[in-house]
Amino acid sequence: MTDIPLTRRRFAAVSAAALAAGCSPKGTAMKAPASRQFPPDFAWGTATSAYQIEGARDADGRGKSIWDTFDADPARIRDRSNGAIGCDSYRRYAEDAQLIADANLKHYRFSIAWPRVVPDGAGAPNAKGLDYYRRLADASLERGVTPWATLFHWDLPQALQDRGGWANRETALRLADYAGHVADALGDRVKHFIVLNEAAVHAVLGHVIGDHAPGLKDAAALGGAIHHQNLGQGLAIQQLRAKVSGARIGTTMALQPCRPEGDAPQNLIASTAFDALWNGGFLDPVLKGAYPKPAEEAIGSLLLPGDLDITKQPVDFVGVNYYSPIYVKLDLNSPARIGFGRPPKGSPRDAFGREIDPSGLFETLMRLKTDYGDPLLYITENGCSDPFGDGPAVIDDGFRIAYLRQHLEAVLSAREAGARVAGYFHWSLVDNWEWALGYTSKFGCVAMDRATGVRTPKASYAWLKQLALTGALDAA
Ligand code: FCB
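About the thresholds
- Residues numbered from 1 in each chain as written.
- Predicted model: local features only at pLDDT ≥ 70, side-chain atom pairs only at ≥ 80, totals over all residues.
- Heavy atoms only, no water.
- Near = heavy atom within 4 Å.
- Polar contact = N/O pair within 3.5 Å; in protein donor to acceptor, adjacent residues only side chain to side chain.
- Areas by Shrake-Rupley, 256 points an atom, 1.4 Å probe, with all protein chains shown as cover.
- Nonpolar A, V, L, I, M, F, W, Y, C, P; charged D, E, K, R; others polar.
- Pairing = 2+ DSSP bridges.
- Helix = DSSP H or I, 4+ residues; strand = E, 2+ residues; numbered from the N terminus.
- Axes fitted to C-alpha atoms, helices over the stretch in contact; angles between N-to-C directions.
- Contact = heavy atoms within 4.5 Å.
- Parallel < 35°, antiparallel > 145°, perpendicular 65-115°, else oblique.
- Left-handed = near helix turned anticlockwise from the far one by under 90°.
- Buried < 20%, exposed > 50% of the residue type's maximum accessible area, 1.4 Å probe, protein only.
- Phe/Tyr/Trp six-rings, centres within 6.5 Å; stacked < 30°, edge-to-face > 60°.
- Lys NZ or Arg CZ within 6 Å of the ring centre and 35° of its normal.
- Salt bridge = Lys/Arg side-chain N within 4 Å of Asp/Glu carboxyl O.

A.B. asks: Please set out the site of the ligand residue by residue, giving values where relevant.
C.D. replies: Close to the ligand lie Q52, H153, W154, N197, E198, Y323, E381, W427, E434, W435 and F443, which account for all nearby residues. Taking E381, its side chain carries an N or O atom lying 3.0 Å from an oxygen atom of the ligand. Within the complex, 93% of the 290 Å² of free accessible area of the ligand lies under protein. Partitioning the shell around the ligand into residue classes produces 5 nonpolar, 3 polar and 3 charged.

What follows is the structure in C-alpha cells.
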C-alpha cells in the first residue's frame, strides 16, 4: 500500500476529471518493426550513477550525502551493505571508460555527486571534486566516448537535507548554484547535461514511502519534493545555457504507463490520478509550463507566481528511463486511496517481479510525440537485473539479451511510427550498488568481483558491442 497525498475530497475531484476525460487508454498499437536496422547516427551508450559506483566517500573533500546517512542503518538495505565502495570507480574510472569504448559504445551517461562539488551544500565549490569529473570526462573523450553528465541522481548533500531538503525552496537555488559550478569547471569539455534523474522516484520513494534516502514517510512532503525539484531544474538549465556554449541540455524521467489492476473502473480512476502525479507532475512543468490537477493540489501554496515560467525551459531532448509499467488500484484502507496493484496474472516478470512489457516503452515514446510536442528522445536507461541474491553474477545472461532485444524492437517500432528516438543507453555498465537492494540486484553487462573489483564482461556485453558496431538488431 502506498500513501500519496490524495484526500477523499481530492480523490473525488481527480476522479471526476478522469471520468470527464473518458479514461480511455489512448494511443497507437505497437506493431513489429518492419526493419531491424538502426541508423548510423543512432547514439549507443551506457549509464551509471555516482553513488552506485564511485565509493571513495571520504576522498578529496567530498561532503556527506543523504545516502551516506540512509545506508548507515544496515536494516534499510537488503544485504546490509552500503555505498562505501560501490564499484570503486572513483579510482577505476579509466578502466570503466575503456570498457565502454571497447564495446563500441560512444556515449557515457554518468552522474556528478553534488556533495563532491559543494560539500556543504552552499558556498565555494570543491576544486578537487570537480577535478575528478574533469579526469572522468577526459578519460571518456580520449577514447572517443562522449560524456553525458547528470547533475542530480538522488544524492543530495546532507547539509541541504539538514536545512529541510526539497521541502525548502532554497534547495532549488542551491541546485542552480551547483549547476553553475559544474558549467564553469566542465563546460569546456562536457556538452551534454541532464539535470534531474527520475525526480518522481526520488519524490515518492524518498519522501512518502521511505525506501530511499532521505527515508521520509510523509505524504505532506511530496509537494515540495515535486515542485522544488522542478523549479531547481529550471534554474539549473538557465545556468547551463548561459555558461556552456553549444550545450545540449535535457531531463531524464522514470516514465511508466500507469495501468489499472484488473478492469475495475475505480482502479482505472486511481491509475489516471497516479499518472498525473508520477508522469505528468514532471513532464508538464518543463514541457508545458503547467501542473496536472493532482500535482498542483499536492504542491498547494508552494507554487508561487512566476514559478511555472521557470520550470518551463526549452530542452534539447527528453531522456526516457523505462523498465516496466506500474499497476495501480483504489485502496480504501490507504489514507491516500491509491495503492500499487499487481500486473495481470501470468504476465512475464523480471527479477523485481515487475512485468516485462516492451509495449509500455512504445506507448511512452508515442505519448511524448503526441501529447508533449514531439521532442527529441533518448532512452537514458533500460535494462534488467539478474535474479536477486548474494550469488555470483550470471555471465551467460541470455535473459538480459532477450529483454534488451524486445525493448529495442519497441524503439524501432516507435521510430517507424514517427517518434524521434535518437539513442539508447543501457543500464548499466557494471553490476553496482542498487540502492535499498544493495548488491543483491545486478544490472550490469559487466560483472564485478566485490572482493577485488575485477570486471568481467557478460554475454550481453558482447551482444551490445556487435549491435553498436552494426546497428543491426538480431532476431531471437
Ligand atoms: C533507475 C535508477 C537507477 C537504477 C535503475 C535500476 O530507477 O535511475 O539508478 O536504480 O533504476
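Following the structure, the description resumes.
A.B. asks: How would you sum up the sheet that holds strand β5 (residues 248–254)? Please name residues and give values.
C.D. replies: Sheet architecture is closed into a barrel: 8 strands sit in the order β1-β2-β3-β4-β5-β7-β10-β11, paired in parallel fashion. Strand-to-strand twist of the sheet, defined as the mean angle between neighbouring strand axes without regard to direction, takes the value 25 degrees. Strands in contact with helix α6 (residues 127–142) are β2 (107–111) and β3 (146–152); relative to β2, the strand with the most contacts, it is inclined by about 165 degrees. The strands touched by helix α10 (residues 222–243) within the sheet are β3, β4 (192–197) and β5, with β4 carrying the most contacts at an inclination of about 170 degrees.

A.B. asks: Summarise the packing of helix α8 (residues 170–186) against α10; cite the residues concerned and give the values.
C.D. replies: Contact pair α8 / α10: the axes reach a minimum separation of 8 Å and the direction vectors enclose 25 degrees. When the axes of α8 and α10 are compared, the pair comes out roughly parallel. As for the relative orientation of α8 and α10, their crossing is right-handed in sense. Contact residues: α8 offers A172, L173, L175, A176, A179, G180, A183 and D184, while α10 offers H228, L231, G232, Q233, L235, A236, Q239, L240 and K243.

A.B. asks: I'd like a rundown of helix α9 (residues 199–209), residues and numbers included.
C.D. replies: For an α-helix, 3.6 residues make a turn, and residues three or four places apart therefore share a direction. Within α9, 10 of the 11 residues are buried, which leaves it mostly tucked inside the rest of the structure. Count one or two residues on from α9 and you reach G210, which has phi positive near 85 degrees.

A.B. asks: Outline the packing of aromatic side chains, listing residues and values.
C.D. replies: The tally for this structure, following the rule as stated, stands at 27 aromatic pairs. Judged by centre distance (5.3 Å) and plane angle (65 degrees), the rings of W148 and F317 are edge-to-face. One end of the pair, W148, is in strand β3; the other, F317, is in strand β7 (residues 317–321), with 169 residues separating them in the sequence. By relative accessible area, W148 is classed as buried at 0%. Chaining the aromatic ring pairs together yields one cluster made of Y51, W67, F70, W154, W433 and W435. K288 extends its terminal NZ or CZ atom over the ring of Y372, reaching a point 4.2 Å from the ring centre.

A.B. asks: Describe the environment of Q52, and please don't skip the residues or the numbers.
C.D. replies: Positionally, Q52 belongs in helix α2 (residues 50–53). Through-space distance from the C-alpha of Q52 to that of D284 is 29 Å; in sequence the pair is 232 residues apart. Not counting residues within four places of it along the chain, the set of residues in contact with Q52 comprises G86, C87, H153, W427, N432, W433, E434 and W435. A distance of 3.1 Å separates a polar atom in the side chain of Q52 from a polar atom in the side chain of E434.

A.B. asks: Can you lay out the pattern of salt bridges for me, pointing to particular residues and giving the numbers?
C.D. replies: Within the structure shown, the criterion is met by 31 salt bridges. Residue R259 is joined to D357 by a salt bridge in which the shortest nitrogen-to-oxygen separation is 2.7 Å. Taken together, the residues span a long stretch of sequence, with R259 in strand β6 (residues 258–260) and D357 in the loop between β9 (338–340) and α15 (358–371) at a distance of 98 residues. Accessibility expressed as a relative area gives 12% for D357, which makes it buried. Between K369 and D374 there is a salt bridge; the shortest N-O distance is 3.4 Å. The exposure class of K369 is partly exposed, given its relative accessible area of 25%. Connected through salt bridges with shared partners, the residues D386, D397, R400, D431 and K458 form a single ionic network.

A.B. asks: Before we move on, could you go through the environment of E355 and cite the residues and values that matter?
C.D. replies: Topologically, E355 is positioned in the loop between β9 and α15. Sequence-wise, E355 and Y323 are 32 residues apart; in three dimensions their C-alpha atoms are separated by 8.7 Å. Residue contacts for E355: discarding those within four places in its chain leaves R259, Y323, S324, P325, Y327, P343, P344, S347, P348 and R349. A polar contact of 2.6 Å, which involves the side chain of E355, links it to the side chain of Y327.

A.B. asks: Kindly report on the sheet that holds β6, identifying the contributing residues and their values.
C.D. replies: Strands sit in the order β6-β8-β9 across an open sheet of 3 strands; the sheet is mixed. Among the strands making up the open sheet, the edge pair consists of β6 and β9. Within this sheet the neighbouring strands show an average axis-to-axis angle of 45 degrees, counted without direction. Bridging between β6 and strand β8 (residues 326–330) involves 3 bridges; their strand directions are parallel. Across the sheet, P260 pairs through a bridge with V328, a residue of β8.

The values are spatial; any link to function lies outside them.
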